[in-house]
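Architecture at a glance
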Amino acid sequence: MLRFIISRLLQAIPVIFIVITATFFLVRAAPGGPFDAEKVVLPEVKRALEAQYKLDLPLYEQYFAYLTDLAQGELGPSFKYPGRSVNEILFSGLPVTAELGFYALLIALIIGVTAGVLASLKPNTRQDYIPMSLAMIGICMPSFLLGPLLVLVFGIYLEWLPISGWGSIPGDKILPSITLGAAYAAYVARLSRAGMLEILSQDYIRTARAKGLPEWQVVSKHALRGGLIPVIAFLGPAFAGLLAGSFVVETIFQIPGLGRFYVQAAFNRDYTMILGTTVFLSTLIVLFNLISDVAAAWLNPRLRSQLSGGGK
Amino acid sequence: MTTLQSSESADLLENAEMGASLWRDAWQRLRKNKMAVGGGITLLLFIVIALLTPWLAPYSYEAQNLDLGASPPSAAHWLGTDVFGRDVLTQVMYGGRVSLAVGFIATAVALLIGVTWGAIAGYVGGRVDAVMMRIVDILYALPFMIFIVLLMVVFGRNVLLLFLAIGAVEWLTMARIMRSQVQSLRQQEFVEAAISLGLSPAAIIRRHVIPNALGPIIVYTTLTIPSVMLLEAFLSFLGLGIQPPQTSWGLLISYGAETMEEYPWLLIFPGLALTTTLFSLNFLGDGLRDALDVRGSKD
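Small disclaimer: the values here were computed from a predicted structure and weren't measured.

**Topic: the interface of chain B and chain A**
Across the contact, 40 residues belong to chain B and 44 residues belong to chain A. Both sides of the chain B and chain A interface together cover about 3,600 Å² of buried area, and 82% of this is carbon and sulfur. In this structure, the connection of chain B to chain A is made through 1 salt bridge. Note that Arg190(A) and Asp286(B) form a salt bridge whose closest N and O atoms lie 3.3 Å from each other. Contributing elements (two or more residues each) for the side of chain B that touches chain A: α4 (126-141), α5 (144-154), α8 (201-237), α9 (249-258) and α10 (265-292) of chain B. When residues of the side of chain B that touches chain A are assigned to their parent elements, the largest contribution, 11 residues, is made by α10(B).

**Here's the deal with the pattern of salt bridges**
A complete count under the given rule lists 8 salt bridges over all chains for this structure. In this structure, Lys173(A) engages Glu99(A) in a salt bridge whose closest nitrogen and oxygen atoms are separated by 2.7 Å. With Lys173(A) in the loop between α6 (143-157) and α7 (174-200) and Glu99(A) in helix α4 (residues 86-121), this pair connects stretches of sequence that are 74 residues apart. For Glu99(A), a relative accessible area of 24% translates into the label partly exposed. Asp82(B) is paired through a salt bridge with Arg86(B); the nearest N and O atoms lie 3.0 Å apart. Here the salt bridges share partners, and the residues they tie into one network are Arg190(A), Asp286(B) and Arg289(B).

**Concerning the nonpolar core**
By size, the foremost hydrophobic cluster in this structure holds 149 residues, and its most contacted members are Phe247(A), Val149(B) and Phe234(B). Of the residues forming this core, the biggest block, 12 residues, is contributed by helix α10 (residues 229-252) of chain A. Beyond its immediate chain neighbours, meaning those up to four positions away, Phe234(B) contacts Phe144(A), Ala244(A), Gly245(A), Phe247(A), Val248(A) and Met145(B). Core analysis: the second largest hydrophobic core is formed by 17 residues, Ile177(B), Ala194(B), Ile204(B) and Tyr220(B) among them.

**Some points on the packing of aromatic side chains**
Residues and elements named next belong to chain A. In this structure the tally under the stated criterion is 20 aromatic pairs over all chains. Note on Phe24 and Tyr63: the rings are 5.3 Å apart at their centroids and 55° apart in plane angle, and the pair reads as tilted. Of this pair, Phe24 sits in helix α1 (residues 2-29) while Tyr63 sits in helix α3 (residues 59-71), placing them 39 residues apart in sequence. Aromatic side chains Phe154 and Trp160 sit 5.8 Å apart centroid to centroid with 40° between the ring planes, which places their arrangement in the tilted category. For Trp160, a relative accessible area of 62% translates into the label exposed. Counting every residue linked through ring pairs, the aromatic cluster contains Phe24, Phe25, Tyr63, Phe64 and Tyr66.

**Structural notes on a nonpolar patch on the surface**
Residues and elements named next belong to chain B. Together, Leu22, Trp23, Ile210, Leu214 and Ile218 make up an exposed nonpolar region whose accessible area comes to about 370 Å². Per element, the largest residue contribution to the nonpolar patch is 3 residues, and it comes from α8. Its place among the elements puts Leu22 in helix α1 (residues 2-32). Leu22 sits in the partly exposed class, given a relative accessible area of 46%.

**Brief notes about the packing of helix α5 (residues 126-140) of chain A against α10(B)**
The packing of two helices is summarised by the inter-axis angle and the distance between the axes. Where α5(A) contacts α10(B), the two axes come as close as 9 Å, and the packing angle between them is 125°. As summarised for this structure, α5(A) and α10(B) are arranged oblique, according to the angle between their axes. Here the hand of the crossing between α5(A) and α10(B) comes out right-handed. Residues Met136(A), Ile137(A), Ile139(A) and Cys140(A) of α5(A) form the contact with α10(B), whose own contacting residues are Thr275(B), Leu278(B), Phe279(B), Asn282(B), Phe283(B) and Asp286(B). Taken together, the residues that form the contact of α5(A) with α10(B) break down as 7 nonpolar, 2 polar and 1 charged.

**Remarks on the confidence of the model for chain B**
Residues and elements named next belong to chain B. With 90% of its residues at a pLDDT of 70 or more, chain B has an overall mean of 81. Every residue in residues 1-8 is under pLDDT 50, and counting partners more than four places away or in other chains gives 3 contacts. Under the prediction, the complex receives an ipTM of 0.76, its pTM being 0.80.

**Brief notes about α3(A)**
Residue and element names in this part refer to chain A. Its 13 residues give α3 an end-to-end C-alpha distance of 18 Å, which sits within 8% of 18 Å, the value for a rise of 1.5 Å per residue. Each element contacted by the buried residues of α3 is listed here: α1 and α12 (271-299). Of the residues trailing α3, Gly73 is marked for its positive phi of about 75°.

Cut-offs and rules
- Residues numbered from 1 in each chain as written.
- Chains lettered and ligands numbered in written order.
- Predicted model: local features only at pLDDT ≥ 70, side-chain atom pairs only at ≥ 80, totals over all residues.
- Heavy atoms only, no water.
- Contact = heavy atoms within 4.5 Å.
- Buried area = accessible area lost by both parts, 1.4 Å probe.
- Salt bridge = Lys/Arg side-chain N within 4 Å of Asp/Glu carboxyl O.
- Helix = DSSP H or I, 4+ residues; strand = E, 2+ residues; numbered from the N terminus.
- Buried < 20%, exposed > 50% of the residue type's maximum accessible area, 1.4 Å probe, protein only.
- Core = buried A, V, L, I, M, F, W, Y, C linked by side-chain atoms within 4.5 Å.
- Phe/Tyr/Trp six-rings, centres within 6.5 Å; stacked < 30°, edge-to-face > 60°.
- Patch = residues over 30% accessible without salt bridge, like charges linked within 9 Å, V, L, I, M, F, W, Y side chains within 5 Å.
- Areas by Shrake-Rupley, 256 points an atom, 1.4 Å probe, with all protein chains shown as cover.
- Axes fitted to C-alpha atoms, helices over the stretch in contact; angles between N-to-C directions.
- Parallel < 35°, antiparallel > 145°, perpendicular 65-115°, else oblique.
- Left-handed = near helix turned anticlockwise from the far one by under 90°.
- Nonpolar A, V, L, I, M, F, W, Y, C, P; charged D, E, K, R; others polar.
- pLDDT = per-residue confidence, 0-100.
- Expected span 1.5 Å × (residues − 1).

The structure is reproduced here in structure tokens:
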């Protein structure tokens, strides 16, 4: 098991390194310097600015300077907001996005697993078709459509819930969380249904039933653990999707989170901010994939014994 | 020599027959799946409309009527008009052309790269395979959504780049599927027979491997198109995808969302068009998977 974790960690390092390098050179290759947009900047001022941001150095020196800063956890100053560092901006947005993502994931897991398990218990009946049709809608209804529609219905027509903001009016966290979580609830429902169907046909489930265990115990004690492995394995990629989804949801609901900062930085051509955010988010995503892979392997007894057995 | 030839031709005949009945079986199964057939028909209808839009559209794409402004659906404008008095039906039809084109072209890019890459890796095997699949593994772990946003920022928002960027993301799974198919096919006797007869690897891949690997590829292609269209709409919604004066369903949804309070039809109709298309493609893909009996197409 330890060896598995270490080998996955070793795979993650080159990926993160490629991300940093590719992002750095892509951003530097972008046409137009960051200060070209400024109305009229005196040549001396421009030179001073470029020196301050190390833009006057040769490219490879800039790259190594950036790597050195990065190794110390320093993402550099923002081009657009002088006096604020990328670190500050990231860490002001991170808690908001983390909370939003957490609620969305919670909604996805609770609704998704419940619907998927219920559907798997009575396949090809109404108890299967209804949640699975809803799941299909969830998959085909993108967040940037679902969000405005929810706002229209619950915010504007019914006036039940606030339509924007985060943490300022009670209830304003509900619509964004649902908007972000809905598609994942749908995926989780499909995955847990498929996983459960496979497990429920296994011999050890028949044994458990033959022992006379009540059905809910068969499901909760024996089937769930195996049936939900695909869901655990999905959480890594889902995390990446949730982050991307937060771009849209935070834009729709005007939430001051990482996703909105990223999109704004993209529009403002705030290169250090784009660079810093990309490196930061990518590292997070790679680490999350790692964690979810390890968790899925650990939950799967067959894979676990294979991994800890030491057999190559 | 003659015996070898006759047994070979008998083998070929048998394979051909099995192939034909496999496809016929699949077709029979697919026809029974109402959702898949409905999806297929809807999709076909949308494609025909998209192809014939310049002739079918009730108004010209640029036509404005500033005096009329935004008006709800009426006899003259079935889906209403936007704030510039432009006909929504016309906008949705032209937007659909772009959205569908992105979906199909980017998927075709992914298909071409993925199938070639996977076929070579699986067929050659050994160290070449290890290196090629290692590259796929590394690319797989990259957070591509973020990279596409980055690309659109750095190189400006042009449609060609959008095709390439999206296609470049989606080929990875295609390569994996193709490789595993080729690997298992490579050990089949009829492929060994073809090798011993001196057929070139390219001919073997073209004549024996690709037709046999077609099932999973078709299923995965059908399921890739909606995810590509979703990606395009996502980027367009953020303002990083299709740019005016061109339009797409994602862009129309983003405009619609801005004014939905006063003019909800500007949001609802493009949204309906996109959702219906995605529905159709997903149902068709699921139906094809069941019909062709492809298991675990995700990986």
